[in-house]
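Spelled out, the chains give:
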Amino acid sequence: QVQLVESGGGLVQPGGSLRLSCAASGIIFSINTMGWFRQAPGKEREFVATISWSGGNTYYADSVKGRFTISRDNAKNTVSLQMDSLTPEDTGVYYCWAFLKTIWSAADENYWGQGTQVTVSS
């Protein structure tokens, strides 16, 4: 029983900024990694960024490197994505992802949020 709830999506002008957040709740034993994926209309879901929960190691897709910043709040089981210098190519549904153990899990498992829409347009 794990829920990932995203917030912060919306409409923004090219060059603008937006901050997404995702809170994980439920019978969580431990979090290995959390991150963000996105999906544009007619395209496959693609990797955006991840952050490890223990060491805070970050990884970014080349398309967002230098513009997006992922961060975490371990105490709140929350991951955020600060998006700057947005372009129309960043438009899509952004999904929160978690790789974690519940109290019933023998190993880490994948969990997904329901997504939040980000639209970059003039």
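Everything below is about the structure shown above.
For every chain, the first residue of the written sequence is number 1, and numbering continues from 1 along that sequence. pLDDT decides what is reported in this predicted model: residues at 70 or higher carry local features, side-chain atom pairs at 80 or more are listed and counted, and totals for whole chains, interfaces and linings draw on all residues regardless. Side-chain measures were taken over the full set of non-hydrogen atoms in the model, leaving aside hydrogen atoms and water.

Draft legend 1. Main features of the side chain of Thr116. Structurally, the position occupied by Thr116 is in strand 11 (residues 116–120). Buried means the residue's accessible area, taken with a 1.4 Å probe over protein chains only, is under 20% of the maximum for its type, while exposed means over 50%, and partly exposed covers the values in between. Of the residues examined, Thr116 reaches a relative accessible area of 11% and is grouped as buried. At 3.4 Å, the side chain of Thr116 and the backbone nitrogen of Gly9 are in polar contact. Throughout, a residue-residue contact means that at least one pair of heavy atoms, one from each residue, lies within 4.5 Å. If near-sequence neighbours (up to four positions away) are discounted, Thr116 is found in contact with Glu6, Gly9, Leu20, Gly92, Val93 and Tyr94. We count a stretch as a helix when DSSP gives it H or I for four or more residues in a row; a strand needs E for two or more, and each element gets its number in order from the N terminus. Polar contacts, as used here, are pairs of N or O atoms within 3.5 Å; protein pairs need one atom able to donate a hydrogen and one able to accept it. Residues neighboring in sequence count only if both atoms are side-chain atoms.

Draft legend 2. Expanded view of the packing of aromatic side chains. Two aromatic rings, drawn from Phe, Tyr or Trp (for Trp, its six-membered ring), form a pair once their centres lie within 6.5 Å of each other, and the interplanar angle then sorts them: stacked below 30 degrees, edge-to-face above 60, tilted otherwise. Applying the stated criterion across every chain, the model contains four aromatic pairs. For the ring pair Phe37 and Trp97, a centre distance of 5.9 Å and an interplane angle of 70° mean the geometry is edge-to-face. With Phe37 in strand 4 (residues 28–39) and Trp97 in strand 9 (residues 92–102), this pair connects stretches of sequence that are 60 residues apart. Residue Phe37 shares its accessibility class with Trp97, and that shared class is buried. Geometrically, the ring pair formed by Trp97 and Phe99 is stacked, given 6.1 Å between the ring centres and 10° between the ring planes. Assessed through its relative accessible area of 26%, Phe99 is described here as partly exposed. Put simply, the rings of Phe37, Phe47, Trp97, Phe99 and Trp112 pair up and form one aromatic cluster. Either the NZ atom of lysine or the CZ atom of arginine qualifies as a charge over a ring when it sits within 6 Å of the ring centre and within 35 degrees of the ring normal. When the ring centre of Tyr95 is taken as reference, the NZ or CZ atom of Arg45 above it lies at 3.8 Å. Sitting over the ring of Trp112, Arg45 keeps its end group 4.7 Å from the ring centre.

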